[in-house]
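Report on the structure
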Amino acid sequence: MNIHEYQAKQIFAKYGVPTPKGIIANTPNQAATNAAELGGDVWVVKAQIHAGGRGLGGGVKLAKSIDEVRELATEILGMTLVTHQTGPEGKLVQKVYIEEGADIVDELYLSVVLDRAAEMPIIMASTEGGMDIETVAEETPEKIIKIAVDPAFGFQGFHGRALVFGLGITDKKEQAKMIRFAKAVYTLYMDNDAEMIEINPLIKTVYGDFMALDGKMGFDDSALGRHPEIEDMRDISEEDPDERDASRYGLSYIALDGEIGCMVNGAGLAMGTMDTINYMGGTPANFLDVGGSANAETVAKGFEIILKNPNVKAIFVNIFGGIVRCDRIANGIIEATKITDVNVPVIVRLDGTNAPEAAEILKNANISNLIVGDDLGDGAAKAVAAAKGV
Amino acid sequence: MSILVNKDTKVIVQGFTGKEGSFHAEQCLAYGTQIVGGVTPNKGGQEHLGKPVFNTVAEAVVTTGATVSMIFVPPAFVADAVMEAAVSGIELAVIITEGAPVRDMQKAKACATKNGMMTIGPNCPGVITAEECKIGIMPGAIFKKGNVGLISKSGTLTYEGANQVCNEGYGITTAVGIGGDPIIGLSYKQLLQMFEEDPETEAIVMIGEIGGDLEIQAATYIEENISKPVVAFIAGQTAPAGKRMGHAGAIISGSAGTAKEKMDALEAAGVKVVVSPAEIGKAVKEILG
């Protein structure tokens, strides 16, 4: 789960990670009121969406008067912001964060992520703040410092020293401030079961202070149960409604832009099915894992979600029955076609436990648009042919 | 021969009396696995499925001589269970539970490593030595005895791959589902080495997916250390970047962890890489003749 910048900064503040002062607004008038409350003579109006690259997309603007704050908020609220991370459809801006201006002398980068190979969190930092870190990693990898921190021992002095020397910070006061900053970020990463924290840019002000000018946080979904206060930060308008709907039924669904709907048990086989369709010259319309215990209800829900997509020209149901017996799944499919109006060809491949019985059940059901696939390759080929109207 | 487990392996079940634990322990017993008991706190002294129940893993190990634990406890308690197994003399923990927090597994794995215990999973189908010992949730009937070792992140692709291998007239020595979480126990590298050393295994099928770089590490390892032929499939060639494809670890971050980079690395290491899982059986046949 991801959260907004303003929410990340609330968590930062709790841990003593310095940020500019800011207040969230839903309307232009509220934005103006917030600016007045913050005081000063420069404000930043920032669109709140779950995607990076907001500045380049026109979602972050500088205002030099309260009236300008109101004007910019009017412009940004309700706009569909397109960035390199939103996809071409963009994201609707429903909130703006009004923040005091900062006097920046330097822009740095700091993030904490899990290093899967080292099996511990890693702090990444760079002097190249404000840039896309992937670009930095590609063009000047030597400008990225990586410091693994073993949680068994925690953040130690030497981690901090590696960081400040790596960033070329020589002033002792500044060194101490940066070490305190990084330690706090590491601590809040661990405490909150974060999956990633990215601060880009991390700025140095004219006073030699370090501040998180931006903040991005994602959390381990499996750990949200023990962090109700973070679960409360969930913004469902940022999530795909079909994916959410599917997850309520224990289905894992992701829409793609092809023509063949897929319903599969198991994530690996679901991806493998998409790959096979692609290999056979077709295009998958979605990823859908019905989970280990597919039954009539979940299959029916799967059909319903797949068929919401108007591009779907055929559906490939690919189930490898393990503990779940194929004859029961076959009955589930027949039930499902009765509950949901399935108006495209459905290719069904059932293999594993009791597969022959299942084939018999499907044959005897006499459903006109149901085609049986013998194995994965045969089923995918038939689905590709059906989608092409062959 | 086989790797990790065989007909003599003594197994306990943590989360023995729960719904999942009971169901699958019963299936394993029916397969012939030597389940010698189980652990459920506060149910010590009872009998379940004809086997003794213990309050602690330590008691179970002392009484039964078990060396392997199959773990079904709920996600919030799984790290605790793994660490208890690690300090109680268990040599291999097979963690079936799905949805364990990453931070917990990080801790549990560090504890396991410190105590010299191997782990498989979490969020995996388990391990099976064909016609001898099944420790997990896989359908036992599809695994016929033979000479192909199988390693896979995905459960259903394990079944798909094993089924194709057996349909071509070959069989399986041992199949290991390693799971698709960001932090897992035994990985390709260690298992490839075990299969290399197993005289009965003649070829290895390796099934990976997008996310992380375990498959890339495996490619390097294969090039330098593995003499037996390897067939590989990497799931997720058509997966979009930045989306979590079912498994917690199956995500392309930025431009890293794509199927293509993994397939290229494996191909360069001399592995026979297939573009569809439907081709796994045929590829094994081509190699073994």
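Residues numbered from 1 in each chain as written. Chains lettered and ligands numbered in written order. Predicted model: local features only at pLDDT ≥ 70, side-chain atom pairs only at ≥ 80, totals over all residues.

Let's talk about the pairing of strand β2 (residues 34–39) of chain B
Residue and element names in this part refer to chain B. Among the six residues in β2, five count as buried, and that is most of the element. Looking at chain direction, strand β1 (residues 10–14) and β2 are connected through five bridges and run parallel. If you follow K10 over to β2, its bridge partner there is Q34. Chirality of the crossover, the property in question, places the unit of β1, helix α1 (residues 19–31) and β2 among those that are right-handed. (Buried ≥ 20, exposed ≤ 12 C-beta atoms within 10 Å, placed from the backbone. Helix = DSSP H or I, 4+ residues; strand = E, 2+ residues; numbered from the N terminus. Pairing = 2+ DSSP bridges. Right-handed = clockwise from strand over helix to strand, strands pointing away.)

A closer look at the domain arrangement of chain B
All names here are of chain B. Domain assignment breaks chain B into domain 1 (10–120) and domain 2 (138–288). Computed over C-alpha atoms, the centres of domain 1 and domain 2 are 26 Å apart. Taken together, the contact between domain 1 and domain 2 spans eight residues of the former and eight residues of the latter. Residue assignment for the side of domain 1 that touches domain 2 shows that the elements contributing at least two residues are α4 (102–114) and β7 (118–120). With four residues, the single largest contributor to the side of domain 1 that touches domain 2 is α4. Grouping the amino acids of the side of domain 1 that touches domain 2 by side-chain chemistry returns five nonpolar, two polar and one charged. (Domains from an automatic or database assignment. Contact = placed C-beta atoms within 7 Å. Nonpolar A, V, L, I, M, F, W, Y, C, P; charged D, E, K, R; others polar.)

Quick word on the sheet that holds strand β6 (residues 92–95) of chain B
Residues and elements named next belong to chain B. Taken together, seven strands build an open sheet; the order of strands is β3-β4-β2-β1-β5-β6-β7 and the sheet is mixed. Unpaired on one side and paired on the other, β3 (47–48) and β7 mark the two borders of the sheet. Relative to β6, strand β5 (residues 68–71) runs parallel, the two being bridged by four bridges. When the bridges of β6 are listed, I71 appears paired with I95. Together, β1, β2, β4 (51–54) and β5 form the strand contacts of helix α2 (residues 57–64), whose direction differs from that of β2 by roughly 150 degrees. (Axes fitted to C-alpha atoms, helices over the stretch in contact; angles between N-to-C directions.)

Here's the deal with helix α13 (residues 376–387) of chain A
Here α13(A) contains twelve residues, and its C-alpha end-to-end distance of 16 Å stays within 8% of the 16 Å for a straight helix at 1.5 Å per residue. Burial of α13(A) is extensive: ten of the twelve residues sit out of reach of the surface. Among all positions in α13(A), only A:L376, A:G377, A:G379, A:A380, A:A381, A:K382, A:A383, A:V384, A:A386 and A:A387 are buried. Contact partners of the buried residues in α13(A): β15 (260–264), α9 (267–279), β17 (314–321), β18 (346–352) and β19 (370–372) of chain A together with α5 (155–167) of chain B. Immediately beyond the C-terminal end of α13(A), within one or two residues, lies A:G389, with a positive phi of roughly 75 degrees. (Expected span 1.5 Å × (residues − 1).)

Some thoughts on the sheet that holds strand β7 (residues 96–100) of chain A
All names here are of chain A. Taken in spatial order, the four strands line up as β2-β7-β3-β4 in an open sheet, and their pairing is antiparallel. Edge positions in the sheet fall to β2 (22–25) and β4 (60–63), since each of these pairs with one other strand and no more. Taken pair by pair, the neighbouring strands of this sheet meet at an average axis angle of 20 degrees, ignoring direction. Relative to β7, strand β3 (residues 43–47) is paired through five bridges, and the arrangement is antiparallel. Along β7, the bridge assignment pairs A47 with V96.

Side note on the environment of A:G59
Residue and element names in this part refer to chain A. Tracing the sequence through the fold places G59 in the loop between β3 and β4. Taking the C-alpha atoms as reference, G59 lies 49 Å from G321; in sequence the two are 262 residues apart. With residues near it in sequence (within four places) discarded, G59 still touches K46, A47, R54, I76, L81 and V93.

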